[in-house]
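# Summary of structural features
Each chain, written out:
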Amino acid sequence: MTTASAPGVPAPAAGTTASAPGVPAPAAGTTASAPVAGATLVTSEQPADATARRVAGPRVRRRGGIAWLGLTPFAAYVLLFLAVPAVVAIGSGFFTSDGAFTFANLAAFADPSVLRAFGGSFALSAVSAVIGAVVGAIVCWALAALRPDGLVRSVIDSAASVLAQFGGVMLAFAFIATIGAQGLVTTWLVSVFHIDLNAEGTFLYTVPGLVIPYVYFQVPLMVLTFMPALDGVKTQWGEAAATLGASRTTYWRRIGLPVLAPAFWGSLLLLFANGFSSFATAAALISQGGIVPLTIRTQLTSETIIGLQNVAGVLAFGMVVVMAIVMGAYSLLQRRASRWQR
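This write-up is about the structure you can find in this document. The numbering scheme is per chain: residues are counted from 1 as the chain's sequence reads. For a predicted model such as this one, the threshold for reporting local features is a pLDDT of at least 70, and the threshold for listing and counting side-chain atom pairs is 80 or more; totals across whole chains, interfaces and linings nevertheless cover every residue. Side-chain descriptors were evaluated using all non-hydrogen atoms of the structure, hydrogens and water having been removed beforehand.

### Topic: the packing of aromatic side chains
- Think of it this way: a Phe, Tyr or Trp ring, Trp meaning its six-membered ring, pairs with another when their centres are within 6.5 Å, and the plane angle makes it stacked under 30 degrees, edge-to-face over 60, tilted otherwise. A full pass over the atoms with the stated rule returns 18 aromatic pairs.
- Between Phe226 and Phe264 the ring centres are 6.0 Å apart and the planes differ by 80°, which places this aromatic pair in the edge-to-face class. Taken as a pair, Phe226 in helix 7 (residues 211–231) and Phe264 in helix 9 (residues 248–277) lie far apart in primary sequence, 38 residues in all.
- Summary of the burial criterion: residues with accessible area below 20% of their type's maximum are buried, those above 50% are exposed, and those between are partly exposed, where the area comes from a 1.4 Å probe applied to protein chains only. Residue classification places Phe226 among the buried residues on the basis of a relative accessible area of 5%.
- Plain terms: the ring middles of Phe272 and Phe276 are 6.0 Å apart, the flat faces sit at 15° to each other, and that makes the pair stacked. Of this pair, Phe272 and Phe276 both sit in helix 9, 4 residues apart, which is roughly one turn of the helix. By the burial criterion, Phe272 is buried, and Phe276 matches it.
- Ring pairing ties together the aromatic residues Phe94, Phe95, Phe101, Phe103 and Phe317, which thus form one cluster. Strands are runs of DSSP state E lasting at least two residues, helices are runs of H or I lasting at least four, and both sets are numbered from the N terminus onward.

Printed below as a string of structure tokens:
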């Protein structure tokens, strides 16, 4: 059955409905629909979520702008109290007392007292870093067997966070009261065991004696930096090695230790940099030079190298060079260690 069409218009096919003039007839078995006024045609060139993206775009940009605005106080702090003083301190080593630029002050690196200061800083930082890294790695090994959310693990993590920042005058006073010339432990050892720790001089007030308080804050710092790497060692690696017939010794020699080595050496370098730049604890225990930070203080209060000006700035430049090399190596090792922590 068909529906009659207007005169002059071809009759539609059987089973279809006639469409308005000028509108193509629909296919067989379908019903023609008239265009709706104001409707938007969605095509592949214009996805349905394009409008949503246009609306979300300004919001994302506004949030990004607010985030950058929030960093402004921190950026101002870094600029005024870190960047500017560092540039002024380093730059002063390349000028004479009259303000003329010169490289002559670099001759201070050939002075025996400066070489001894750098040697003392290298030795103190290296010894305290090695002891702190070994002891801290053992502590991390013991903590790895505990539940991450357990009470013991939480207490030790909190204590490490606090003790890693416990330095300066407070730490120096704690050791003076403990193992100083009249310290609690010193007098107790003399009265009970007749052992005098300071029979040949007060050991705590020397550069080798600084190793003891330095290790105090190096061990907690090692726990904080090395523990995430140890937590990143997956148990599936040991299970897979055991499935292939490897012993536990072979697993640690061929898999565990090579994976942890970059993180360990990176943490060791971080401890070295921490010890090399420490000042307050050493200044509270030693009045004279012996390490670079104390030598800089001496140069600021009284010039001791005749014929050279602004030696403190030259020494600061030397410290920056050492720290840049150490932190560059630390960054490379951390980038290598992060591959196994993803």
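There's plenty left to go through after this.
### Quick word on a nonpolar patch on the surface
- By definition, no residue in a patch forms a salt bridge, and every one has over 30% relative accessible area; like charges are joined within 9 Å, nonpolar side chains (Val, Leu, Ile, Met, Phe, Trp, Tyr) within 5 Å. Where accessible areas are quoted, they stem from the Shrake-Rupley method and a 1.4 Å probe; at the residue level, only the protein chains shown are allowed to cover. Between Lys or Arg on one side and Asp or Glu on the other, a salt bridge is scored when a side-chain nitrogen of the former is within 4 Å of a carboxyl oxygen of the latter. On the surface, Phe74, Tyr77, Leu79, Leu80, Phe81, Leu82, Val84 and Val88 cluster together into a nonpolar patch covering about 860 Å² of accessible area.
- Position of Phe74 relative to the elements: it lies in helix 2 (residues 72–91).

### Digging into the packing of helix 3 (residues 112–144) against helix 11 (residues 292–301)
- Here, axes are lines fitted to C-alpha atoms. For helices the fit covers the stretch in contact, and angles between N-to-C directions go from 0 to 180 degrees. Running from N to C, helix 3 and helix 11 cross one another at 145°; their axes reach a closest spacing of 8 Å. Contacts from Ala117, Phe118 and Ser121 in helix 3 reach Val292, Pro293 and Thr295 in helix 11.
- Tallied by class, residues from the contact of helix 3 with helix 11 come to 4 nonpolar, 2 polar and no charged. The contact rule is simple, with two residues in contact once any of their heavy atoms fall within 4.5 Å. Just so you know the grouping, Ala, Val, Leu, Ile, Met, Phe, Trp, Tyr, Cys and Pro go in nonpolar, Asp, Glu, Lys and Arg go in charged, and all remaining residues, Gly too, go in polar.

### A word on the nonpolar core
- With 41 residues, the main nonpolar core has Phe226, Leu260, Val292 and Leu315 as its most contacted residues.
- Contributions of two or more residues to this core are made by helix 3, helix 7, helix 9, helix 11 and helix 12 (311–337).
- Among the elements that make up this core, the one with the highest residue count is helix 9 (9 residues).
- Once you skip the residues sitting within four places of it in the chain, Leu315 turns out to touch Val114, Phe118, Val292, Thr295, Ile296 and Gln299.
- Only buried residues count toward a nonpolar core, which is a set of Ala, Val, Leu, Ile, Met, Phe, Trp, Tyr and Cys residues joined through side-chain atoms within 4.5 Å. Formed by 17 residues, the second largest nonpolar core is a distinct cluster that contains Ala172, Val215, Val219 and Ala282.

### Quick word on the packing of helix 5 (residues 169–179) against helix 6 (residues 184–193)
- The N-to-C vectors of helix 5 and helix 6 enclose an angle of 10°; their axes lie 3 Å apart at closest approach. As far as their axial angle goes, helix 6 and helix 5 are roughly parallel. Here Ala177, Thr178 and Ile179 of helix 5 lie close against helix 6, whose contacting residues are Leu184, Val185 and Thr186.
- By residue class, the composition of the contact of helix 5 with helix 6 is 4 nonpolar, 2 polar and no charged. An angle below 35 degrees is treated as roughly parallel, one above 145 as roughly antiparallel, one from 65 to 115 as roughly perpendicular, and anything else as oblique.

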